[in-house]
Amino acid sequence: MFIGVVIGNVWATKKDEQLNGMKLMVVQRIDPADGKRHESIVAADRVGAGIGEQVLVVTGSSARMALSSPDIPMDAAIVGILDEVEINLTKGL
């Protein structure tokens, strides 16, 4: 699971039939402690996220469970839109 920001949409006229009707978004992983951005992935949107929103993304079998299909060819799903992230960085941990 990771926190990311939605940076774009994906449209594909030809794709696996199991992906028909799914909203596909480009999500860039971010480090909530320092705000640094990392790699981007394509994730199926289950919650109606929009560009610029911070989201919670699950991957692997958790994504397939979120998409209600163990056989779907998708390994990332947006399962939450974040309102706030609070980080407490304490020295000595």
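Okay, so let's go over this structure. Residue numbers restart at each chain and count upward from 1, following the sequence in its written direction. Whole-chain, interface and lining totals are the exception, using all residues; otherwise, since this is a predicted model, local features are given only for residues with pLDDT of at least 70 and side-chain atom pairs are given and counted only at 80 or more. Hydrogens and water are ignored here; the side-chain numbers use all heavy atoms of the structure.

A look at unusual backbone geometry
Then, number 1: One non-glycine residue, Ser68, lies in positive phi territory at about 60 degrees.
Then, number 2: Only DSSP runs of H or I with at least four residues qualify as helices, and only runs of E with at least two residues qualify as strands; both kinds are numbered from the N terminus onward. Looking at the element boundaries, Ser68 is found in the loop between α1 (61–66) and β5 (76–81).
Then, number 3: The exposure class assigned to Ser68 is exposed, which follows from its relative accessible area of 62%. Only protein chains enter the calculation, and the probe is 1.4 Å; a residue is then buried if its accessible area is under 20% of its type maximum, exposed if over 50%, and partly exposed in between.

A short note on the environment of Ala63
Then, number 1: Inspection of the secondary structure puts Ala63 in helix α1.
Then, number 2: Placed 21 residues apart in sequence, Ala63 and Glu84 show a C-alpha to C-alpha distance of 22 Å.
Then, number 3: In what follows, residue pairs with any heavy atoms lying within 4.5 Å of each other are defined as contacts. Ala63 has contacts with Val58, Asp75, Ala76 and Ala77, leaving out every residue within four places of it along the chain.

Side note on the sheet that holds β5
Then, number 1: Paired strands are those between which DSSP finds at least two bridges. The strand order around the closed barrel formed by five strands is β1-β2-β3-β5-β4, and the pairing between neighbours is mixed. Averaged over all neighbouring strand pairs, the angle between strand axes comes to 55 degrees, with direction disregarded.
Then, number 2: Where strand β2 (residues 24–30) and strand β3 (residues 37–45) come together, six bridges link them in antiparallel fashion. Pairing of Met25 across the sheet is with Ala43, part of β3. Only the stretch in contact is used when a helix axis is fitted, and all axes are lines through C-alpha atoms; the angle between N-to-C directions ranges over 0 to 180 degrees.

Comments concerning the side chain of Ser69
Then, number 1: Summarising the element assignment, Ser69 is placed in the loop between α1 and β5.
Then, number 2: According to the relative accessible area criterion, Ser69 is buried, its value standing at 19%.
Then, number 3: The contacts of Ser69, once residues within four sequence positions are left out, are Gln18 and Arg64.

Some thoughts on the side chain of Gln28
Then, number 1: Mapped onto the elements, Gln28 comes out in strand β2.
Then, number 2: Among the polar contacts listed, one links the side chain of Gln28 to the side chain of Arg37, at a separation of 3.1 Å.
Then, number 3: With sequence-adjacent residues up to four places away left out, Gln28 is seen in contact with Ile3, Gly4, Val5, Ile7, Arg37, His38, Glu39 and Ser40. In protein, a polar contact means a hydrogen-donor-capable atom and an acceptor-capable atom, both N or O and within 3.5 Å, with residues adjacent in sequence counting only if both atoms are side-chain atoms; elsewhere, any N or O pair within 3.5 Å suffices.

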